[in-house]
Amino acid sequence: MSVTTNDPGTTASAAASGASATERFKADKSSAVAATPPERVDTLARELLEAVHAIVRKHEVTYDEYNALKAWLIGVGQDGEWPLFLDVWVEHVVEEVANSSRQGSKGTIEGPYYVPGSPEFTGEGTLPMRPDEPGTPLRFAGHVTSVDGTPLAGARVEMWHADDDGFYSQFAPGIPEWNLRGTVVTDADGGFVIHTIQPAPYQIPTDGSCGKLIAAAGWHAWRPAHLHLKVSAPGHQLITTQLYFPGDPHNDDDIASAVKPELLLDVQTGAEGNQVTYDFVLDPA
Ligand code: MBD
Ligand code: FE
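Quick caveat: nothing in here was measured; it's all calculated off a predicted structure.

Q: I would appreciate a short explanation of the overall build of the protein chain in the present structure.
A: The helix and strand tally for the protein chain stands at 6 helices and 13 strands. A compact globule built from 285 residues would reach a C-alpha radius of gyration of about 19 Å, and the protein chain, at 20 Å, matches this within 12%. Based on the C-alpha atoms only, the size of the protein chain along its principal axes is roughly 60 × 45 × 35 Å. Taking all 285 residues of the protein chain together, the buried fraction comes to 44%. A separation threshold of at least 6 residues defines the contact pool for the protein chain, and within that pool the share at least 24 residues apart is 75%. When the accessible surface of the protein chain is split by element, carbon and sulfur atoms take 57% of a total near 14800 Å². The distance from the centre of the 18 positive side-chain charges to the centre of the 39 negative ones in the protein chain is 7 Å.

Here it is in structure tokens:
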């Protein structure tokens, strides 16, 4: 079910990963639009436009600037970078609002590179990876419980992350379909162990429209190294989250504003590789 052509030898480009992220979004999530009632669309669209009008007046935006914006917006669509743009600069506030009353583990943004249906194993296993997969081995273990402390057997822990070069399978070319993507189902005690490699810091594509904005504004394009997870169990709220590695220079200035103190791992380094435990607490649905 590859959504991109994994063409060995081709280098990753903003247009290729953007097109993949756009197709992925259309396939999985674009149906929400029809369900939004007209009064709600009226309020949100009107207030968004009013906010834009206020900025134009406050900063006396010129025709040159207005046309630069128009050209840039056209480019974002052509590059397929709307998922990237929104997930980097808007999603963190949507997540904050959506999960503000949650008691259990913290979540954070999903980002543009989740793919459902990754290969499954029970209890303990290794994420699909190439025989020579570069990167420091990482053993990631933990338990899933309900907020009242009940262990959740049969919970699903889905993990996906970038490789040692900062690329995601199915969005960058030349990587096997499910590389570094997998789902572990917890054992009778709610426990799980995932063997993988430590991901590299990630730079959002710099050769597309998001990259143009970053360069034009004098920002940087980095996200700290991160593991993405979705944790779910029957009768409980699904958590979408990310976990980060201490000492990463971008933990304090993530371009996507998605780091929270509760999401920093306490990694033990060793000769055989690194080890970490992290437990997930799910709220009842
Ligand atoms: C990522 O890997 C990511 O997690 C986010 C939020 C945005 C762009 C790339
Ligand atoms: Fe990511």
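Q: What is the right way to look at the site of ligand 1 in this model?
A: In the vicinity of ligand 1, the contacting residues are Leu84, Val88, Ile109, Gly111, Pro112, Tyr113, Tyr168, Tyr202, Ile204, Arg223, His226 and His228. Between ligand 1 and the protein, one listed contact pairs an oxygen atom with a side-chain N or O atom of arginine 223 at 2.9 Å. Relative to its unbound accessible area of 270 Å², ligand 1 is 100% covered by the protein chains. Only helix H4 (82–89) and strand E9 (226–232) provide two or more residues apiece to the shell around ligand 1. A breakdown of the residues in the shell around ligand 1 according to their chemical character gives 8 nonpolar, 3 polar and 1 charged.

Q: In this structure, what is going on with the UniProt feature "domain: Intradiol ring-cleavage dioxygenases" (unreviewed entry) in the protein chain? I would like to understand it.
A: In the numbering used here, UniProt assigns the "domain: Intradiol ring-cleavage dioxygenases" (unreviewed entry) feature to residues 140–168. Segment residues 140–168 splits into 0% helix and 45% strand. End C-alpha atoms: 19 Å apart.

Q: I tried to follow the side chain of asparagine 251 on my own but got confused; where do I start?
A: Within the secondary structure, asparagine 251 is located in the loop between strand E10 (239–244) and strand E11 (268–270). Relative accessible area serves as the criterion here: at 12%, asparagine 251 is assigned to the buried category.

Q: Hey, could you run me through the pairing of strand E4 (residues 156–161) in this one?
A: Every regular strand shows the same layout, with side chains that alternate between the two sheet faces. When you tally the buried positions in E4, you get 5 out of 6 residues, the bulk of the element. Summarising the sheet, E4 and strand E5 (residues 181–185) pair through 5 bridges and their orientation is antiparallel. Note that in E5 the partner of methionine 159 across the bridge is glycine 182. Of the pairings in the sheet, the one linking E4 to E9 comprises 6 bridges and is antiparallel in character. Bridge pairing in E9 links histidine 161 to leucine 227.

Q: Teacher, can you tell me more about the pairing of E10 here?
A: The buried fraction of E10 is high, at 6 of 6 residues. Residue alternation in E10 divides its side chains into two sets, Ile239, Thr241 and Leu243 and Thr240, Gln242 and Tyr244, and both sets are buried. One ladder, built from 6 bridges, connects E9 with E10; its direction is antiparallel. The residue bridging histidine 226 from the neighbouring strand is tyrosine 244, located in E10. Where E9 folds back on E10, the antiparallel hairpin that results is connected by 6 residues, among which glycine 235 adopts a positive phi of roughly 75°.

Q: What should I look at first to understand the packing of aromatic side chains in this one?
A: All told, the structure shown has 13 aromatic pairs when counted by the stated rule. A centroid spacing of 6.1 Å and a plane angle of 85° characterise the contact between tyrosine 63 and tyrosine 66, whose relative ring orientation is edge-to-face. With tyrosine 63 and tyrosine 66 both in helix H3 (residues 63–78) and 3 residues apart, this pair spans about one turn of that helix. By relative accessible area, tyrosine 63 is classed as exposed at 66%.

Q: Whenever I open this one, the coordination of the iron ion (ligand 2) confuses me. Can you help?
A: The expected angle between donors at a tetrahedral four-coordinate metal is 109.5 degrees. At an octahedral six-coordinate metal it is 90 or 180 degrees. Every protein donor of the iron ion (ligand 2) is listed here as Tyr168 (OH), His226 (NE2) and His228 (NE2), and their distances to the metal cover 1.9 to 2.1 Å. For the iron ion (ligand 2), all donor residues lie on one chain, and their spacing in sequence is Y-x57-H-x1-H.

Analysis parameters
- Residues numbered from 1 in each chain as written.
- Chains lettered and ligands numbered in written order.
- Predicted model: local features only at pLDDT ≥ 70, side-chain atom pairs only at ≥ 80, totals over all residues.
- Heavy atoms only, no water.
- Helix = DSSP H or I, 4+ residues; strand = E, 2+ residues; numbered from the N terminus.
- Rg over C-alpha atoms; globule rule 2.2 N^0.38 Å.
- Buried < 20%, exposed > 50% of the residue type's maximum accessible area, 1.4 Å probe, protein only.
- Contact = heavy atoms within 4.5 Å.
- Areas by Shrake-Rupley, 256 points an atom, 1.4 Å probe, with all protein chains shown as cover.
- Lys, Arg positive; Asp, Glu negative; His and termini not counted.
- Charge placed at Lys NZ, Arg CZ, Asp CG, Glu CD.
- Near = heavy atom within 4 Å.
- Polar contact = N/O pair within 3.5 Å; in protein donor to acceptor, adjacent residues only side chain to side chain.
- Nonpolar A, V, L, I, M, F, W, Y, C, P; charged D, E, K, R; others polar.
- UniProt positions renumbered as here; feature names shortened; annotations may be inferred.
- Pairing = 2+ DSSP bridges.
- Phe/Tyr/Trp six-rings, centres within 6.5 Å; stacked < 30°, edge-to-face > 60°.
- Donors = N, O, S within 2.8 Å, 3.2 Å for Na, K, Ca; no water.

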